[in-house]
Amino acid sequence: MNAMNAAKQQVTFQITPIPDEIARQVRGTGVSSWAKLPASTSIAKGYGPCRSCLRVFEVDKDERTFFTYNPFEGRAELPLPGPIFIHREECEPYRAEGFPPDLRDLPMLFEAFTAGGEMIGRVKVSQSDIEQQIGELFALPETEYIYVRNAEAGCFMAFIDRNGESR
């Protein structure tokens, strides 16, 4: 079966936001989990999104906490820390099935990675073909997970794990 035929089959996946314990720790201590750098909180001047609930921020209203995060920690020996935001107050982490509605219209890149952290594919997301693009990347034999990156800011948004296998 070639990659295109495999991609057309039903692909089950789970969107994985940052771990709950990291969001709680940052909110409680004001310090990032990675390199123990200080976090800061301010009124949202951009859409975000929150890397816990995966909802966009209401500009000039929501309070958001900004901190440094290494999304590959526990996944691969690939240090790729960068800035992310979460709601200042606790929010319900994203655990629903399917792709988060608030992310669908955002500029994104999907990057496929092997278990060892090697990037083997990247696509600019077409909002009308999100599930098909996920299927095509998971059809690559070595794809372990997909990294969702903001195509404007370049930062981590979430992971996509195959068949609900989150880490």
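The coordinates are above.
Residues numbered from 1 in each chain as written. Predicted model: local features only at pLDDT ≥ 70, side-chain atom pairs only at ≥ 80, totals over all residues. Heavy atoms only, no water.

## Some points on the environment of V59
Here is step 1 of the chain: Note that V59 resides in the loop between β2 (40–43) and β3 (63–69).
Here is step 2 of the chain: Exposure remark for V59: the relative accessible area of 42% places this residue in the partly exposed category.
Here is step 3 of the chain: Leaving out residues up to four positions away in the same chain, V59 has contacts with A44, K45, G46 and Y47. (Helix = DSSP H or I, 4+ residues; strand = E, 2+ residues; numbered from the N terminus. Buried < 20%, exposed > 50% of the residue type's maximum accessible area, 1.4 Å probe, protein only. Contact = heavy atoms within 4.5 Å.)

## Digging into the pattern of salt bridges
Here is step 1 of the chain: Taken as a whole, this structure holds 10 salt bridges when the rule is applied.
Here is step 2 of the chain: Of the charged contacts in the structure, one is a salt bridge between E131 and R104, with a shortest N-O distance of 2.3 Å. Taken together, the positions of E131 in helix α3 (residues 130–138) and R104 in the loop between β4 (82–87) and β5 (108–113) put the pair 27 residues apart, joining distant regions of the chain.
Here is step 3 of the chain: The salt bridge partner of R122 is E111, with a shortest N-O separation of 2.8 Å. Remark: E111 occurs in strand β5 and R122 occurs in strand β6 (residues 119–124); sequence separation between them is 11 residues. (Salt bridge = Lys/Arg side-chain N within 4 Å of Asp/Glu carboxyl O.)

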